[in-house]
Amino acid sequence: SALHNLAVLHLWQFDYEKALPFCRESLRVRSELASGGAAADDFSNVGMVNTWANLGLINYANGILSGALSSFRKASQISSSLDESTGHITGRLANNLACVNFAIGKNIPLVQSELERSLQLQKTDDDKMDSSTGEALLAASITITNLAVSSLKN
């Protein structure tokens, strides 16, 4: 939606205060449409996932770790109900959850478990898509790096 796109533009500029109202309004409109009987297909649910994930990023960047955790969990919950071809989305959210838990100081085995789950979901999805894309390789390399860092802390 246009609201989501405006939020993303501000996120790209690291202007989280301007992005936040667009994310909130996008969620409000999407929720209103869904509760009004509009069929929630995978495409509109992916929009909800992306908007919740953006809220997680904003909260994380602003140091609001409990808000980031909550937002990423909501995004992950919606994502896991989608078609299996969206596993890469759930995998990247698992990486984000691990990073927040690491920042909070959660136990390292939990963080590593989330990162391993992230890699597994991304691997499963890569079997169905072109894993040579820069985006897929970047996401997997970020998760592998995070796993290595968490292993050093263990």
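The model shown is predicted, which means the values in this text are computed figures rather than measured ones. (Residues numbered from 1 in each chain as written. Predicted model: local features only at pLDDT ≥ 70, side-chain atom pairs only at ≥ 80, totals over all residues. Heavy atoms only, no water.)

Caption draft 1: Main features of the overall build of the protein. When its secondary structure is counted, the protein shows seven helices and zero strands. When contacts within the protein are restricted to residue pairs at least 6 apart in sequence, long-range pairs at least 24 apart make up 61% of them. (Helix = DSSP H or I, 4+ residues; strand = E, 2+ residues; numbered from the N terminus. Contact = heavy atoms within 4.5 Å.)

Caption draft 2: Structural context of the nonpolar core. In this structure, Val-49, Ile-58, Phe-72 and Leu-93 are the most contacted members of the largest nonpolar core, which totals 23 residues. For this core, the secondary structure elements donating two or more residues are helix H1 (2–12), helix H2 (16–35), helix H3 (42–61), helix H4 (65–80) and helix H5 (87–104). With six residues, H3 is the largest single contributor of residues to this core. Excluding residues within four positions of it along the chain, Val-49 makes contact with Ala-75, Ile-78, Ser-79, Leu-82, Ile-89 and Leu-93. (Core = buried A, V, L, I, M, F, W, Y, C linked by side-chain atoms within 4.5 Å. Buried < 20%, exposed > 50% of the residue type's maximum accessible area, 1.4 Å probe, protein only.)

Caption draft 3: Local environment of the pattern of salt bridges. Summed over the entire model, instances satisfying the criterion amount to three salt bridges. The closest approach of N and O atoms between Asp-15 and Lys-18, which form a salt bridge, is 3.8 Å. By relative accessible area, Asp-15 is classed as partly exposed at 24%. Judged by its relative accessible area of 47%, Lys-18 falls in the partly exposed class. Residue Arg-28 is joined to Glu-25 by a salt bridge in which the shortest nitrogen-to-oxygen separation is 2.5 Å. (Salt bridge = Lys/Arg side-chain N within 4 Å of Asp/Glu carboxyl O.)

Caption draft 4: Molecular detail of the packing of aromatic side chains. One pass over the full model with this rule turns up one aromatic pair. On the basis of an interplanar angle of 80° and a centroid distance of 6.5 Å, the ring pair of Phe-14 and Tyr-16 is categorised as edge-to-face. (Phe/Tyr/Trp six-rings, centres within 6.5 Å; stacked < 30°, edge-to-face > 60°.)

Caption draft 5: Highlighting the layout of surface pockets. Estimated volume of the largest pocket: approximately 770 Å³. Lining of the largest pocket is provided by 24 residues; of these, Ala-53, Asn-54, Leu-57, Arg-92 and Asn-96 occupy positions nearest its centre. At the level of elements, H1, H3, H5 and helix H7 (134–153) are the ones that each hand at least two residues to the lining of the largest pocket. Counting residues per element, the lining of the largest pocket draws most heavily on H3, which supplies eight residues. Grouping the amino acids of the lining of the largest pocket by side-chain chemistry returns 15 nonpolar, seven polar and two charged. (1 Å grid on protein atoms, 1.4 Å probe; cavity = no way out; pocket = protein on both sides within 12 Å on 5 of 7 lines; lining within 4 Å. Points joined across faces, edges and corners; volume = space filled by probe spheres on them. Nonpolar A, V, L, I, M, F, W, Y, C, P; charged D, E, K, R; others polar.)

Caption draft 6: Structural view of the side chain of Thr-90. Mapped onto the elements, Thr-90 comes out in helix H5. Beyond its immediate chain neighbours, meaning those up to four positions away, Thr-90 contacts Ser-76, Ser-79, Ser-80, Arg-117 and Leu-121.

Caption draft 7: The arrangement of H4 in detail. Look at H4: 22 Å from first C-alpha to last across 16 residues, which is about the 22 Å you get at 1.5 Å a residue. Of the positions making up H4, those classed as buried are Gly-67, Ala-68, Leu-69, Ser-71, Phe-72, Ala-75, Ser-76, Ile-78 and Ser-79. (Expected span 1.5 Å × (residues − 1).)

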